[in-house]
Amino acid sequence: MTKETTPMTATIDKNLYSHLFPGTLDRAAPCLILADEQTVTYGQAQARVGQYAAALTSLGLKIGDRVTVQAEKSVECLLLYLGVIQAGGTFNPLNTAYTQSELEYFISDARPAVVVCDPKVEDGTRKIAARHGVDHVLSLDALGAGSASNLADTFEATTNIAAVNDDDVAAIIYTSGTTGRSKGAMLTHKNLSSNAHTLHEYWQFVPGDVLLHALPIYHVHGLFVATHCALLNQSPMFFLPKFDLEVVLERLPRSTVMMGVPTFYTRLLKDARFTQQLTSNMRLFISGSAPLLAETHIEFEKRTGRKILERYGMTEAGMVTSNPYDGDRVAGTVGFALPGVKTRIADEAGKILSPGEIGVLEIKGPNVFKGYRNMPEKTAEEFRDDGYFITGDLATMDDEGRVAIVGRGKDLIISGGLNIYPKEIEGEIDDIPGVAEAAVIGVPHPDFGESVVAIVVGREGTNPSEGQIIGNLEGKLARFKLPKRVFFVDELPRNSMGKVQKNVLRQHHKNLFTT
Ligand code: MCA
Ligand code: AMP
């Protein structure tokens, strides 16, 4: 944070960077306040971003070149992201929990020009990178130290902003699929800047706002929705490494806005120190990424006198609908299509349904992504001919356009706001010696909303244990995907078509974690 630069002169609106760091930037204003209260001003942040942009450009990064980053949340990591954007590169963050074997796939698909990883896994990452022709591997640790930041230190901050087009890809975020491998959703500069402006206005950010940022920054929620709103508002963020209840309770009285997954709210409600008085400075609590239980919504209001604002989104489109800021925030609903976004409910064949009928939510707007990297057929399958994207979420819409998510057309578990696809885990369990087949389901969980449970049929004459199954998956799958419990059965329930009846299994295990 040592080098200062002169204020920006060039403004190229197409680059997301120009929106987040406008010519009118108040350089002395606090931007990031760390866990130890150290503050980074907007001027310092911009200068550091400029150093990262210069460093990346010196490595030969061109518009659209990918920078894959699997690093712990830190200020440096956030500023590296913004440096990639300024330089016109494509930022590709990865969940820090992914194992090296998961990483191999992402690198093989993203074909990055630069990979940034934690120093702890640098050796393994270098080997993977070498196998896929990646030229540069840099490191960044949880404190923001490593060869990436050392390299940035050696450059003067550049004020050049890459002249991108609206549909140049600013980020690729991998999102798992019901079948096959993860899909890299390509989000353009226009997707990100349009959604940022819409949310900034819709959620009525005002001078004096302070954002409490405790989300990870490898997903849309923490990286784009939260930080872009704060940056557009030139507001400070309490930038916490993770959701630590003690630290969050301590920072709440000095914050005005928090964005979180439902687990944040259930954890706060479990603590008696979370009171109306503690939240008296807060103007907005936002929840998303997973369904907020109506009981959490109601208990929250009872405790604090405030209503959580629930919104709905997905990697492929950023934010799609939101409960209103001023109007009714109705528990169990995700509100209305955001300005500029169109929503409709259709059946599988694409017939538009009437108000109140359950179908799949389809969406269209400037926020909707460009497509999945390297998967033109998969992309085409998920769009209607008239440009609507098929979300795969089951929903209803009332006469006024208020949307409620009532289920999922896709076989997906959402645990603590992280998406987990049963198919991926079933595939790994099926490969374990002694296993005939497996079904993986999501079961209600008081902390994570849903948790992963595996039901396994052993091969005749073999008797694998729960510990063996989980032990076998360790190192192959990120730990948050590991089943919390494994049960053994003689056979899986099937319908007349031979399809595993997961609803029967879910029903059978529904009280596993809740009673
Ligand atoms: C951690 N663990 C988990 C999860 N997180 N297990 C299941 N589900 C999880 N979400 C496991 C770890 O593997 C570890 O297991 C143990 O729990 C402790 O890990 P720790 O990191 O200390 O956990 P935590 O700090 O308690 O984290 C829980 C969390 C976190 C706060 C809920 O997962 C989180 O911040 N989630 C937010 C995810 C998010 O940002 N989603 C947005 C996606 P072991 O001990 O076995 O190693 S974007 C999106 O969905 C769209 C666009 C949208 O609408 O926003
Ligand atoms: P992701 O893969 O991270 O993009 O996850 C997006 C998915 O999370 C959506 O397709 C929904 O299934 C789910 N989701 C996000 N927000 C909500 C919400 N408020 N209520 C219910 N489900 C949600």
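What you see is a predicted model, and the numbers here were worked out from it, not measured in a lab.

## Comments concerning the overall build of the protein
(1) Moving on: Summing up its helical and strand segments, the protein has 15 helices and 25 strands in all.
(2) Moving on: Relative to the globule expectation of 24 Å for 515 residues, the C-alpha radius of gyration of the protein, 23 Å, shows essentially globular dimensions.
(3) Moving on: By its C-alpha atoms, the protein is 70 × 55 × 50 Å across when sized along the principal axes.
(4) Moving on: Burial statistics for the protein: of 515 residues in total, 57% are counted as buried.
(5) Moving on: Considering only contacts in the protein between residues 6 or more positions apart, those separated by 24 or more positions represent 66%.
(6) Moving on: For the protein, the accessible area works out to roughly 21000 Å², and carbon and sulfur atoms hold 51% of it.
(7) Moving on: Taking the 51 positively charged and 61 negatively charged side chains of the protein as two groups, their mean positions are separated by 1 Å.

## Examining the sheet that holds strand β13 (residues 309-314)
(1) Moving on: The 9 strands lie next to each other as β2-β1-β10-β9-β11-β12-β13-β14-β15, forming an open sheet whose pairing is mixed. Each edge of the sheet is formed by a strand with only one pairing partner; in this case those strands are β2 (39-41) and β15 (336-337).
(2) Moving on: Taken together, the 2 bridges between strand β12 (residues 284-287) and β13 define a ladder with parallel strand orientation. Across the sheet, Ser-287 pairs through a bridge with Glu-310, a residue of β13.
(3) Moving on: Contacts between helix α2 (residues 42-58) and the sheet are confined to β1 (30-33) and β2, with β2 contributing the most and set at about 75 degrees to the helix.

## Some remarks on the sheet that holds strand β24 (residues 449-458)
(1) Moving on: A sheet is described by the order of its strands in space; here 3 strands give the open sequence β23-β24-β25, paired in mixed fashion. Taken across any chain shown, the strands that pair with only one partner, and hence form the sheet edges, are β23 (435-445) and β25 (485-488). Averaged over all pairs of adjacent strands, the angle between strand axes in this sheet comes to 25 degrees, irrespective of strand direction.
(2) Moving on: One ladder, built from 4 bridges, connects β24 with β25; its direction is parallel. Among the inter-strand pairings, Ala-454 is bridged to a residue of β25, identified as Val-486.
(3) Moving on: Along the sheet, helix α14 (residues 466-473) makes contact with β23, β24 and β25, crossing β25 at roughly 130 degrees.

## Here's the deal with the site of ligand 2
(1) Moving on: Around ligand 2 sit 15 residues, and of these Arg-311, Thr-315, Asp-393, Lys-410 and Asn-419 come closest.
(2) Moving on: The contact in question runs from a nitrogen atom of ligand 2 to an N or O atom on the backbone of Ser-289, over 3.2 Å.
(3) Moving on: Within the contact set of ligand 2, a nitrogen atom lies 2.7 Å away from a backbone nitrogen or oxygen of Arg-311.
(4) Moving on: Protein chains bury 92% of the 500 Å² of accessible surface belonging to ligand 2 in isolation.
(5) Moving on: Ranked by residues supplied to the shell around ligand 2, first place goes to β13 with 5 residues.
(6) Moving on: The class makeup of the residues in the shell around ligand 2 is 6 nonpolar, 5 polar and 4 charged.

## Focus: the side chain of Thr-125
(1) Moving on: The residue Thr-125 is located in helix α5 (residues 122-131) in this model.
(2) Moving on: Not counting the four nearest positions on each side in its chain, Thr-125 is found in contact with Gln-100, Leu-103, Val-115, Cys-117 and Val-137.

## A short note on helix α13 (residues 422-430)
(1) Moving on: Those residues of α13 not exposed but buried are Pro-422, Ile-425, Glu-426 and Ile-429. All buried residues of α13 fall inside an arc of 100 degrees around its axis, so they share one side.

## A closer look at the nonpolar core
General note: in soluble globular proteins, nonpolar side chains tend to be found buried as a group.
(1) Moving on: Judged by nonpolar contacts, the single largest core of 147 residues is most densely connected at Leu-32, Tyr-81, Trp-203, Met-259 and Ile-429.
(2) Moving on: Non-local contacts of Tyr-81, meaning those with residues more than four positions away in its chain, are made with Leu-16, Phe-91, Leu-192, Leu-223, Phe-224 and His-228.
(3) Moving on: Grouped together as the second largest cluster of nonpolar side chains are 8 residues, Ala-439, Val-443, Val-453 and Leu-492 included.

## Comments concerning the confidence of the model for the protein
(1) Moving on: Here the protein averages 95 in pLDDT, and 97% of its residues register 70 or above.
(2) Moving on: Contacts from residues 1-11, a stretch scored under 50 in pLDDT, to residues over four places away or in other chains number 29 contacts.

## A few points about the packing of helix α10 (residues 262-269) against helix α11 (residues 294-304)
(1) Moving on: Look at α10 against α11: their axes get within 10 Å of each other, and the N-to-C directions meet at 45 degrees. With respect to each other, α10 and α11 are oriented oblique. In this structure, the crossing between α10 and α11 has a hand that is left-handed. Within the contact between the two elements, α10 uses Tyr-265, Thr-266, Leu-268 and Leu-269 and α11 uses Thr-296, Glu-299, Phe-300 and Arg-303.

## Some remarks on the site of ligand 1
(1) Moving on: Around ligand 1, the surrounding shell holds 25 residues, and the nearest of these are Lys-242, Ser-289, Arg-311, Ser-415 and Arg-479.
(2) Moving on: Taking Gly-417, its main chain carries an N or O atom lying 2.9 Å from a nitrogen atom of ligand 1.
(3) Moving on: Protein coverage of the free-state accessible area of ligand 1, which is 1000 Å², stands at 76%.
(4) Moving on: Among the secondary structure elements, those contributing two or more residues to the shell around ligand 1 are α8 (220-232), α10 and β13.
(5) Moving on: Considered class by class, the residues forming the shell around ligand 1 number 11 nonpolar, 9 polar and 5 charged.

## What about the packing of aromatic side chains?
(1) Moving on: Following the criterion strictly, the structure yields 17 aromatic pairs and no others.
(2) Moving on: Between the aromatic rings of Tyr-105 and Phe-106, the centroid separation amounts to 5.6 Å while the plane-to-plane angle is 65 degrees, which identifies the pairing as edge-to-face.
(3) Moving on: We classify Phe-106 as buried; its relative accessible area is 4%.
(4) Moving on: Aromatic side chains Phe-274 and Phe-285 sit 6.3 Å apart centroid to centroid with 80 degrees between the ring planes, which places their arrangement in the edge-to-face category. One end of the pair, Phe-274, is in the loop between α10 and β12; the other, Phe-285, is in strand β12, with 11 residues separating them in the sequence.
(5) Moving on: For Phe-285, a relative accessible area of 2% translates into the label buried.

What counts and how
Residues numbered from 1 in each chain as written. Chains lettered and ligands numbered in written order. Predicted model: local features only at pLDDT ≥ 70, side-chain atom pairs only at ≥ 80, totals over all residues. Heavy atoms only, no water. Helix = DSSP H or I, 4+ residues; strand = E, 2+ residues; numbered from the N terminus. Rg over C-alpha atoms; globule rule 2.2 N^0.38 Å. Buried < 20%, exposed > 50% of the residue type's maximum accessible area, 1.4 Å probe, protein only. Contact = heavy atoms within 4.5 Å. Areas by Shrake-Rupley, 256 points an atom, 1.4 Å probe, with all protein chains shown as cover. Lys, Arg positive; Asp, Glu negative; His and termini not counted. Charge placed at Lys NZ, Arg CZ, Asp CG, Glu CD. Pairing = 2+ DSSP bridges. Axes fitted to C-alpha atoms, helices over the stretch in contact; angles between N-to-C directions. Near = heavy atom within 4 Å. Polar contact = N/O pair within 3.5 Å; in protein donor to acceptor, adjacent residues only side chain to side chain. Nonpolar A, V, L, I, M, F, W, Y, C, P; charged D, E, K, R; others polar. Arc of directions from axis to C-beta. Core = buried A, V, L, I, M, F, W, Y, C linked by side-chain atoms within 4.5 Å. pLDDT = per-residue confidence, 0-100. Parallel < 35°, antiparallel > 145°, perpendicular 65-115°, else oblique. Left-handed = near helix turned anticlockwise from the far one by under 90°. Phe/Tyr/Trp six-rings, centres within 6.5 Å; stacked < 30°, edge-to-face > 60°.

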